[in-house]
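The lines below spell out each chain.
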Amino acid sequence: MTARILDGRGLAESIENSLRDEAATFVDMFKRRPRLVVVLVGDLPASGSYVASKERAAGRVGIDAEVIRMPASAATAELVALVRAIAAGDRGTVDGLLVQLPLPEHVDAVAVLDAVPPHLDVDGFHPENAGLLSQGRPRFIPCTAAGVQRMILDAGISTAGRHAVIVGRSDIVGRPLALLLSAKGPGGDATVTLCHSRSDDLADHCRRADILVAAVGRPGLVTGDMVKPGAAVIDVGINRVERDGASRLVGDVDFDAAKERAGWISPVPGGVGPLTVAMLLANTLLAAELSVGKNPR
Ligand code: GUN
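Since the model is a prediction, treat every value here as computed from it, not as a measurement. (Residues numbered from 1 in each chain as written. Predicted model: local features only at pLDDT ≥ 70, side-chain atom pairs only at ≥ 80, totals over all residues. Heavy atoms only, no water.)

**Student:** Which residues make up the sheet that holds strand β7 (residues 211-214), and what values go with them?
**Tutor:** Pairing between sheet strands relies on hydrogen bonds along the backbone, with the strands arranged either parallel or antiparallel. Reading across from one edge, β1-β11-β8-β7-β5-β6 is the order of the 6 strands in this open sheet, with parallel pairing throughout. Lying at the two open borders of the sheet, with one neighbouring strand each, are β1 (4-5) and β6 (191-195). Direction of pairing for strand β8 (residues 232-235) relative to strand β11 (residues 264-265): parallel, over a ladder of 2 bridges. Bridge pairing in β11 places alanine 232 opposite tryptophan 264. (Pairing = 2+ DSSP bridges. Helix = DSSP H or I, 4+ residues; strand = E, 2+ residues; numbered from the N terminus.)

Rendered as C-alpha coordinates:
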(Lines give C-alpha, C1' and ligand atoms only; values in the text may rest on other atoms or scores of the structure.)
Protein backbone atom coordinates (compact mmCIF):
# COMPACT_ATOMS: atom_id res chain seq x y z
CA MET A 1 0.00 0.00 0.00
CA THR A 2 1.17 3.54 -0.66
CA ALA A 3 -0.23 6.22 1.59
CA ARG A 4 -2.41 9.11 0.47
CA ILE A 5 -0.51 12.36 0.87
CA LEU A 6 -1.94 14.93 3.28
CA ASP A 7 -1.40 18.10 1.26
CA GLY A 8 -0.99 20.92 3.77
CA ARG A 9 -0.21 23.51 1.11
CA GLY A 10 -3.47 22.95 -0.77
CA LEU A 11 -5.52 22.95 2.42
CA ALA A 12 -3.80 26.11 3.70
CA GLU A 13 -4.61 27.82 0.41
CA SER A 14 -8.30 27.00 0.69
CA ILE A 15 -8.33 28.20 4.33
CA GLU A 16 -6.62 31.42 3.24
CA ASN A 17 -9.29 31.93 0.58
CA SER A 18 -12.08 31.84 3.14
CA LEU A 19 -10.09 33.99 5.59
CA ARG A 20 -9.60 36.57 2.83
CA ASP A 21 -13.39 36.87 2.46
CA GLU A 22 -13.84 37.05 6.21
CA ALA A 23 -11.13 39.76 6.49
CA ALA A 24 -12.81 41.75 3.71
CA THR A 25 -16.12 41.60 5.59
CA PHE A 26 -14.32 42.84 8.72
CA VAL A 27 -12.83 45.75 6.77
CA ASP A 28 -16.25 46.63 5.30
CA MET A 29 -17.83 46.69 8.72
CA PHE A 30 -15.10 48.28 10.82
CA LYS A 31 -13.13 50.35 8.28
CA ARG A 32 -9.76 48.93 9.31
CA ARG A 33 -7.71 45.82 8.67
CA PRO A 34 -7.01 43.27 11.40
CA ARG A 35 -3.46 43.74 12.67
CA LEU A 36 -0.83 41.27 13.90
CA VAL A 37 2.41 42.28 15.65
CA VAL A 38 5.27 39.78 15.80
CA VAL A 39 8.30 40.19 18.08
CA LEU A 40 11.40 38.51 16.68
CA VAL A 41 14.43 38.34 18.97
CA GLY A 42 17.89 37.51 17.61
CA ASP A 43 18.85 36.24 14.20
CA LEU A 44 18.16 32.50 14.07
CA PRO A 45 17.69 31.78 10.35
CA ALA A 46 14.80 29.35 10.91
CA SER A 47 12.88 31.85 13.06
CA GLY A 48 13.51 34.58 10.49
CA SER A 49 12.10 32.44 7.72
CA TYR A 50 9.02 31.34 9.75
CA VAL A 51 8.28 34.98 10.59
CA ALA A 52 8.72 36.00 6.95
CA SER A 53 6.21 33.35 5.88
CA LYS A 54 3.72 34.57 8.53
CA GLU A 55 4.16 38.13 7.24
CA ARG A 56 3.64 37.11 3.59
CA ALA A 57 0.58 35.00 4.38
CA ALA A 58 -0.98 37.85 6.41
CA GLY A 59 -0.56 40.12 3.40
CA ARG A 60 -2.27 37.57 1.13
CA VAL A 61 -5.44 37.51 3.23
CA GLY A 62 -5.63 41.21 4.07
CA ILE A 63 -4.21 41.23 7.59
CA ASP A 64 -1.61 43.90 8.41
CA ALA A 65 1.51 42.44 10.00
CA GLU A 66 4.37 44.29 11.65
CA VAL A 67 7.57 42.55 12.73
CA ILE A 68 9.50 44.19 15.55
CA ARG A 69 13.10 42.97 15.63
CA MET A 70 15.17 42.94 18.79
CA PRO A 71 18.83 41.97 19.19
CA ALA A 72 19.75 38.59 20.71
CA SER A 73 21.26 40.52 23.63
CA ALA A 74 17.86 41.95 24.69
CA ALA A 75 17.16 41.44 28.40
CA THR A 76 13.99 39.83 29.81
CA ALA A 77 12.84 43.13 31.35
CA GLU A 78 13.31 44.94 28.06
CA LEU A 79 11.24 42.34 26.19
CA VAL A 80 8.51 42.33 28.84
CA ALA A 81 8.36 46.14 28.61
CA LEU A 82 8.17 45.96 24.82
CA VAL A 83 5.35 43.41 24.87
CA ARG A 84 3.42 45.52 27.40
CA ALA A 85 3.91 48.65 25.29
CA ILE A 86 2.67 46.92 22.14
CA ALA A 87 -0.33 45.52 24.04
CA ALA A 88 -1.11 49.01 25.37
CA GLY A 89 -1.32 50.30 21.80
CA ASP A 90 1.94 52.30 21.78
CA ARG A 91 2.67 50.85 18.31
CA GLY A 92 -0.85 51.32 16.96
CA THR A 93 -3.92 49.14 16.99
CA VAL A 94 -3.16 45.52 17.70
CA ASP A 95 -5.44 42.48 17.46
CA GLY A 96 -2.85 39.71 17.73
CA LEU A 97 0.58 39.72 19.36
CA LEU A 98 3.09 36.91 19.26
CA VAL A 99 6.66 36.43 20.36
CA GLN A 100 8.52 34.08 18.04
CA LEU A 101 10.17 31.18 19.84
CA PRO A 102 12.76 30.10 20.74
CA LEU A 103 14.02 33.09 22.70
CA PRO A 104 17.73 33.36 23.52
CA GLU A 105 18.74 31.20 26.49
CA HIS A 106 19.36 34.07 28.90
CA VAL A 107 15.75 35.27 28.46
CA ASP A 108 12.99 34.13 30.83
CA ALA A 109 10.59 33.02 28.09
CA VAL A 110 7.70 32.39 30.49
CA ALA A 111 7.90 35.98 31.80
CA VAL A 112 7.87 37.36 28.25
CA LEU A 113 5.01 35.12 27.07
CA ASP A 114 2.96 35.84 30.20
CA ALA A 115 3.17 39.56 29.37
CA VAL A 116 1.03 38.95 26.26
CA PRO A 117 -2.56 39.63 27.39
CA PRO A 118 -4.87 36.67 26.79
CA HIS A 119 -7.15 38.55 24.35
CA LEU A 120 -4.14 39.25 22.04
CA ASP A 121 -2.55 35.81 22.50
CA VAL A 122 -3.03 34.38 19.00
CA ASP A 123 -0.45 31.67 19.76
CA GLY A 124 -2.76 30.31 22.48
CA PHE A 125 0.13 30.02 24.95
CA HIS A 126 -1.26 32.16 27.81
CA PRO A 127 -2.41 30.12 30.85
CA GLU A 128 -5.95 31.50 30.42
CA ASN A 129 -6.15 30.23 26.83
CA ALA A 130 -4.48 26.93 27.76
CA GLY A 131 -7.01 26.58 30.60
CA LEU A 132 -9.97 27.27 28.34
CA LEU A 133 -8.71 24.63 25.91
CA SER A 134 -8.25 22.10 28.69
CA GLN A 135 -11.86 22.71 29.77
CA GLY A 136 -13.15 22.05 26.27
CA ARG A 137 -14.15 25.67 25.55
CA PRO A 138 -11.22 26.91 23.48
CA ARG A 139 -10.64 30.52 22.42
CA PHE A 140 -7.19 30.66 20.76
CA ILE A 141 -5.87 27.16 20.04
CA PRO A 142 -2.08 26.82 19.54
CA CYS A 143 -1.65 27.04 15.78
CA THR A 144 0.25 23.83 15.02
CA ALA A 145 -2.08 21.67 17.11
CA ALA A 146 -5.10 23.31 15.47
CA GLY A 147 -3.51 22.70 12.05
CA VAL A 148 -2.99 19.00 12.74
CA GLN A 149 -6.62 18.57 13.79
CA ARG A 150 -7.80 20.53 10.74
CA MET A 151 -5.73 18.26 8.48
CA ILE A 152 -7.27 15.17 10.06
CA LEU A 153 -10.80 16.56 9.69
CA ASP A 154 -10.25 17.67 6.10
CA ALA A 155 -8.98 14.24 5.07
CA GLY A 156 -12.01 12.55 6.64
CA ILE A 157 -9.82 10.50 8.98
CA SER A 158 -12.05 9.24 11.76
CA THR A 159 -10.92 10.00 15.28
CA ALA A 160 -13.87 8.86 17.45
CA GLY A 161 -12.86 5.77 19.37
CA ARG A 162 -9.53 5.55 17.52
CA HIS A 163 -6.15 5.42 19.20
CA ALA A 164 -4.06 8.55 18.64
CA VAL A 165 -0.43 8.41 19.71
CA ILE A 166 1.39 11.72 19.95
CA VAL A 167 5.15 11.70 20.35
CA GLY A 168 6.30 14.90 22.05
CA ARG A 169 4.74 16.67 25.05
CA SER A 170 5.54 20.30 24.24
CA ASP A 171 3.22 23.09 25.35
CA ILE A 172 3.16 24.26 21.72
CA VAL A 173 2.10 21.05 19.98
CA GLY A 174 1.88 17.72 21.81
CA ARG A 175 -0.01 18.73 24.93
CA PRO A 176 -2.66 20.93 23.26
CA LEU A 177 -3.12 18.34 20.51
CA ALA A 178 -3.74 15.64 23.13
CA LEU A 179 -6.50 17.87 24.54
CA LEU A 180 -8.02 18.50 21.11
CA LEU A 181 -8.06 14.88 19.99
CA SER A 182 -9.53 13.70 23.30
CA ALA A 183 -12.18 16.46 23.50
CA LYS A 184 -15.80 15.72 22.68
CA GLY A 185 -16.95 16.34 19.12
CA PRO A 186 -15.73 16.29 15.51
CA GLY A 187 -12.00 15.70 15.24
CA GLY A 188 -12.03 14.47 18.83
CA ASP A 189 -13.29 11.56 20.92
CA ALA A 190 -10.01 9.71 20.36
CA THR A 191 -8.17 7.69 22.98
CA VAL A 192 -4.88 9.51 23.31
CA THR A 193 -1.44 8.33 24.37
CA LEU A 194 1.07 11.14 24.88
CA CYS A 195 4.61 9.82 24.57
CA HIS A 196 7.80 11.66 25.46
CA SER A 197 11.53 11.26 25.97
CA ARG A 198 11.00 9.12 29.11
CA SER A 199 8.41 6.77 27.60
CA ASP A 200 9.35 3.09 27.68
CA ASP A 201 8.90 1.14 24.46
CA LEU A 202 8.15 4.07 22.19
CA ALA A 203 8.04 1.81 19.13
CA ASP A 204 5.39 -0.38 20.80
CA HIS A 205 3.16 2.61 21.50
CA CYS A 206 3.58 3.88 17.95
CA ARG A 207 2.68 0.50 16.44
CA ARG A 208 -0.67 0.66 18.22
CA ALA A 209 -1.57 4.05 16.73
CA ASP A 210 -4.42 4.57 14.28
CA ILE A 211 -3.25 8.18 14.18
CA LEU A 212 0.46 8.77 14.82
CA VAL A 213 1.74 12.30 15.31
CA ALA A 214 5.48 12.94 15.57
CA ALA A 215 6.32 16.29 17.16
CA VAL A 216 9.80 16.07 18.64
CA GLY A 217 12.25 17.61 16.19
CA ARG A 218 14.47 14.59 15.62
CA PRO A 219 15.00 13.25 12.11
CA GLY A 220 14.49 9.50 11.78
CA LEU A 221 12.62 9.22 15.11
CA VAL A 222 9.73 7.28 13.54
CA THR A 223 10.88 4.42 11.35
CA GLY A 224 8.74 2.44 8.91
CA ASP A 225 8.36 -0.53 11.27
CA MET A 226 6.80 1.76 13.91
CA VAL A 227 3.79 2.45 11.67
CA LYS A 228 0.64 0.33 11.92
CA PRO A 229 -0.55 -0.62 8.44
CA GLY A 230 -3.22 1.86 7.31
CA ALA A 231 -2.48 4.42 10.04
CA ALA A 232 -2.55 8.17 9.51
CA VAL A 233 0.98 9.51 10.07
CA ILE A 234 1.33 13.23 10.71
CA ASP A 235 4.81 14.67 10.85
CA VAL A 236 5.20 17.94 12.73
CA GLY A 237 9.02 17.89 12.77
CA ILE A 238 10.96 20.42 10.71
CA ASN A 239 14.66 19.57 10.73
CA ARG A 240 17.40 20.88 8.49
CA VAL A 241 19.87 18.14 7.53
CA GLU A 242 22.75 17.73 5.11
CA ARG A 243 21.93 14.95 2.69
CA ASP A 244 23.71 14.01 -0.55
CA GLY A 245 25.80 17.15 -0.21
CA ALA A 246 22.75 19.43 -0.03
CA SER A 247 20.85 21.08 2.82
CA ARG A 248 17.29 19.71 3.06
CA LEU A 249 14.24 19.97 5.32
CA VAL A 250 13.03 16.67 6.74
CA GLY A 251 10.50 15.70 9.39
CA ASP A 252 10.71 13.28 12.31
CA VAL A 253 9.37 10.38 10.23
CA ASP A 254 11.29 8.25 7.75
CA PHE A 255 8.88 9.28 4.99
CA ASP A 256 9.95 6.81 2.29
CA ALA A 257 9.58 3.79 4.56
CA ALA A 258 6.47 4.99 6.42
CA LYS A 259 4.52 5.79 3.25
CA GLU A 260 4.64 2.11 2.26
CA ARG A 261 2.66 1.16 5.39
CA ALA A 262 0.60 4.21 6.26
CA GLY A 263 -2.90 4.95 4.96
CA TRP A 264 -2.21 8.70 5.00
CA ILE A 265 1.01 10.62 5.54
CA SER A 266 1.93 14.29 5.71
CA PRO A 267 5.12 15.37 3.91
CA VAL A 268 7.82 17.77 5.12
CA PRO A 269 7.88 20.37 3.72
CA GLY A 270 4.31 20.98 2.50
CA GLY A 271 2.46 19.25 5.32
CA VAL A 272 1.71 20.73 8.73
CA GLY A 273 3.92 23.84 8.28
CA PRO A 274 1.60 25.81 5.98
CA LEU A 275 -1.37 24.96 8.20
CA THR A 276 0.35 26.42 11.26
CA VAL A 277 0.54 29.74 9.43
CA ALA A 278 -3.08 29.52 8.22
CA MET A 279 -4.27 28.85 11.79
CA LEU A 280 -2.33 31.87 13.03
CA LEU A 281 -4.19 34.04 10.52
CA ALA A 282 -7.48 32.48 11.61
CA ASN A 283 -6.67 33.26 15.25
CA THR A 284 -5.73 36.84 14.38
CA LEU A 285 -9.01 37.38 12.56
CA LEU A 286 -10.89 35.81 15.46
CA ALA A 287 -9.05 38.15 17.87
CA ALA A 288 -10.03 41.16 15.76
CA GLU A 289 -13.65 39.99 15.65
CA LEU A 290 -13.78 39.34 19.39
CA SER A 291 -12.33 42.82 20.01
CA VAL A 292 -15.37 44.38 18.33
CA GLY A 293 -17.85 41.93 19.78
CA LYS A 294 -18.32 40.09 16.48
CA ASN A 295 -17.71 36.39 16.17
CA PRO A 296 -19.23 34.75 13.11
CA ARG A 297 -17.50 31.38 13.69
N1 GUN B 1 8.33 28.64 17.14
C2 GUN B 1 8.00 27.44 16.61
N3 GUN B 1 6.66 27.28 16.56
C4 GUN B 1 6.13 28.42 17.07
C5 GUN B 1 4.79 28.86 17.28
O6 GUN B 1 3.80 28.17 17.00
N7 GUN B 1 4.65 30.10 17.82
C8 GUN B 1 5.73 30.87 18.15
N9 GUN B 1 5.49 32.07 18.69
N10 GUN B 1 6.98 30.49 17.97
C11 GUN B 1 7.18 29.26 17.43
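**Student:** Go over empty space enclosed by the protein with me, naming the residues and quoting the values.
**Tutor:** One pass over the structure, following the stated rule, counts 1 cavity of 30 Å³ or more. The volume enclosed by the largest cavity comes to roughly 60 Å³. For the largest cavity, the full set of lining residues is Leu97, Leu98, Val99, Leu113, Asp114, Val116, Asp121, Asp123, Phe125, His126 and Pro127. Elements with a contribution of two residues or more to the lining of the largest cavity: β4 (96-99) and α4 (109-114). (1 Å grid on protein atoms, 1.4 Å probe; cavity = no way out; pocket = protein on both sides within 12 Å on 5 of 7 lines; lining within 4 Å. Points joined across faces, edges and corners; volume = space filled by probe spheres on them.)

**Student:** Requested: an account of the packing of helix α1 (residues 8-30) against helix α10 (residues 272-291), with residues and values cited.
**Tutor:** For any two helices packed against each other, one specifies the inter-axial angle together with the distance between the axes. Running from N to C, α1 and α10 cross one another at 15°; their axes reach a closest spacing of 9 Å. When the interaxial angle is binned, α1 and α10 end up roughly parallel. The hand of the α1/α10 crossing is left-handed. Residues Gly8, Arg9, Leu11, Ala12, Ile15, Glu16, Leu19, Glu22, Ala23 and Phe26 of α1 form the contact with α10, whose participating residues are Pro274, Leu275, Ala278, Met279, Leu281, Ala282, Leu285, Ala288 and Glu289. (Axes fitted to C-alpha atoms, helices over the stretch in contact; angles between N-to-C directions. Parallel < 35°, antiparallel > 145°, perpendicular 65-115°, else oblique. Left-handed = near helix turned anticlockwise from the far one by under 90°. Contact = heavy atoms within 4.5 Å.)

**Student:** Which residues make up the packing of aromatic side chains, and what are the values?
**Tutor:** In this structure the tally under the stated criterion is 1 aromatic pair. Judged by centre distance (5.0 Å) and plane angle (45°), the ring pair of phenylalanine 26 and phenylalanine 30 falls under tilted. One end of the pair, phenylalanine 26, and the other, phenylalanine 30, are both in helix α1, 4 residues apart, so they sit about a helical turn from each other. Judged by its relative accessible area of 0%, phenylalanine 26 falls in the buried class. Here arginine 4 stacks its cationic end above the ring of tryptophan 264, 4.3 Å away from the centre of that ring. (Phe/Tyr/Trp six-rings, centres within 6.5 Å; stacked < 30°, edge-to-face > 60°. Buried < 20%, exposed > 50% of the residue type's maximum accessible area, 1.4 Å probe, protein only. Lys NZ or Arg CZ within 6 Å of the ring centre and 35° of its normal.)

**Student:** Describe in detail the layout of surface pockets, supporting the description with residues and values.
**Tutor:** Any space left empty among the atoms is revealed by the rolling of a water-sized probe across them. Roughly 1400 Å³ of volume is contained in the largest pocket. Contributing to the lining of the largest pocket are 49 residues, with Tyr50, Thr144, Ile238, Gly273 and Thr276 lying nearest its centre. Top element by residues in the lining of the largest pocket is helix α2 (residues 45-61). It accounts for 10 residues. Class assignment of the residues belonging to the lining of the largest pocket gives a composition of 26 nonpolar, 13 polar and 10 charged. (Nonpolar A, V, L, I, M, F, W, Y, C, P; charged D, E, K, R; others polar.)

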